[in-house]
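If you want the building blocks of each chain, they are given just below.
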Amino acid sequence: MKTKLIATIALLSSFMMSGSAMAQQNYLDEIAQRACTCVDKVQTNGLGENEITMQMGVCILQSVGPNDRDKLMNDYKININDPMKDGQRAGALIGARMAAICPATVVKLSTIAKEAGSGGSVTGNIIKVDSDGFVTFSVKENAGNTQKYVWLFPTKGGLDLPSMYNSMTGKTVTLKYETKNIFDPRVGDYRQVRIITQITEGFAKVQ
């Protein structure tokens, strides 16, 4: 009798654990499906690798509903409200489910990101032009932060930079750039440099 009771308890426990695992799988699948739908709508034209990756991250965060937040905390100890701490773990967990639910979408976006390379486009005001060595534009972006962009090669966009770069302080520009690791002998190491590939005055759609 005792043996039968133990076997019954074990069987019930097994069903309960199976049901719990199924519930976890179900809500993760629902999150992943919403993220897949969001990623399908991402416009990748003109975006670089970093921006595409960021868009995927935004889709994942937006796909997590209020009830899912508690479940992720209880089941995986992931606090979706603290993306700086747990964002990478959340991305890995949900991204794995996305790869199973919409593999074609994930592969397509990853391929586009790889082909785009690291870089992107930005619109902002030139607040400083530095011509000590290479010409560098300090651009205050619309988001409020300031970044430096280096002019090394002939650029698209139709601007005659050799004759006008010194007078571009205060102008609003839209530029496209690529991020490269360039050796800096002053620090004896490589550093990331944003290299301008296209620049136009005002707000413009980069190609």
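Residues numbered from 1 in each chain as written. Predicted model: local features only at pLDDT ≥ 70, side-chain atom pairs only at ≥ 80, totals over all residues. Heavy atoms only, no water.

## Some thoughts on the overall build of the protein chain
Note the threshold: Only DSSP runs of H or I with at least four residues qualify as helices, and only runs of E with at least two residues qualify as strands; both kinds are numbered from the N terminus onward. Note on classification: 1.4 Å probe, protein chains only; a residue is buried when its accessible area is under 20% of the maximum for its type, exposed when over 50%, partly exposed between these limits. Contact definition: two residues touch when any of their heavy atoms are within 4.5 Å. Using the Shrake-Rupley algorithm and a 1.4 Å probe, accessible areas are obtained, with residue cover drawn only from the displayed protein chains.
Scanning the protein chain from N- to C-terminus turns up six helices and five strands. Going through the 207 residues of the protein chain one by one, you find that 32% of them count as buried. A sequence separation of at least 24 residues applies to 58% of the contacts in the protein chain between residues at least 6 apart. A total of about 13,200 Å² of accessible surface is found on the protein chain, and carbon and sulfur atoms cover 55% of it.

## Some details on the environment of Pro66
Relative to the helices and strands, Pro66 is located in helix 3 (residues 66–76). Pro66 sits 14 residues away from Ile80 along the chain, and the two C-alpha atoms are 9.9 Å apart.

## Things to note about the pattern of salt bridges
So the rule is basically this: Salt bridges, as used here, are contacts in which a Lys or Arg side-chain nitrogen is within 4 Å of a carboxyl oxygen on Asp or Glu.
A complete count under the given rule lists four salt bridges for this structure. Between Asp29 and Arg97 there is a salt bridge; the shortest N-O distance is 2.6 Å. Pair noted here: Asp29 is in helix 1 (residues 2–40) and Arg97 is in helix 4 (residues 83–101), with a separation of 68 residues, a long-range link. A salt bridge links Asp86 to Arg89, with the nearest nitrogen and oxygen atoms 3.7 Å apart. Here the residue Asp86 and the residue Arg89 both occupy positions in helix 4, the gap between them amounting to three residues, near one helical turn.

## A few points about the state of the cysteines
The line we're drawing: Any pair of cysteine sulfurs within 2.5 Å is marked as a disulfide.
In total, this model carries two disulfides according to the counting rule given. There is a disulfide in this structure between Cys36 and Cys102, and the S-S distance comes to 1.9 Å. Residues Cys36 and Cys102 are joined through a disulfide that is left-handed, its torsion about the S-S bond being -75°. Of the two residues, Cys36 sits in helix 1 while Cys102 sits in the loop between helix 4 and helix 5 (103–116), which places them 66 residues apart along the sequence. Here Cys38 connects covalently by a disulfide to Cys59, the sulfurs 2.1 Å from one another. With the S-S dihedral at roughly -70°, the linkage between Cys38 and Cys59 falls on the left-handed side.

## Here's the deal with unusual backbone geometry
Located in the positive-phi region is Lys77, a residue other than glycine, with phi close to 60°. In this fold, Lys77 is placed in the loop between helix 3 and helix 4. On the basis of relative accessibility, which here comes to 56%, the residue Lys77 falls in the exposed class.

## Observations regarding the side chain of Thr136
Checked against the element boundaries, Thr136 lands in strand 2 (residues 135–141). Setting aside residues up to four positions removed in sequence, Thr136 forms contacts with Lys128, Val129, Asp130, Lys148, Tyr149 and Val150.

## Overview of the nonpolar core
Condition: For the purposes of this section, nonpolar cores are sets of buried Ala, Val, Leu, Ile, Met, Phe, Trp, Tyr and Cys residues that join through side-chain atoms within 4.5 Å.
Counting residues in each nonpolar core, the largest one holds 23 residues, and the members touching the most others are Leu28, Ile31, Val64, Leu72, Ile94 and Met98. Sort the elements by how many residues they give to this core and helix 1 lands first, with seven residues. For Ile31, the residues in contact, after removing those within four places along its chain, are Ser63, Val64, Asp68 and Ile94. Counting residues in each nonpolar core, the second largest holds 18 residues, with Ile126, Val129, Val139 and Met164 among its members.

## Quick word on the confidence of the model for the protein chain
What counts here: The predictor attaches a confidence to each residue, called pLDDT, with possible values from 0 through 100.
The share of residues in the protein chain with pLDDT of 70 or more is 80%, and the mean pLDDT across the chain is 80. No element of the protein chain has a lower mean pLDDT than helix 1, at 63, and none a higher one than strand 2, at 93. Low confidence marks residues 1–20, where pLDDT is under 50. Its contacts with residues over four positions away, or in another chain, come to zero contacts.

## Thoughts on helix 4
An α-helix turns once every 3.6 residues. As a result, residues three or four positions apart point the same way. Rule in force here: Every helix has an expected span of 1.5 Å times one less than the residues it contains. Bending is quantified residue by residue as the angle between axes fitted to the seven-residue window ending at that residue and the seven-residue window starting at it.
In a regular helix each residue adds 1.5 Å, so 19 residues correspond to 27 Å; helix 4 covers only 23 Å between its end C-alpha atoms and thus falls short of that length. Along helix 4, the sharpest kink reaches roughly 25°, centred on Arg89.

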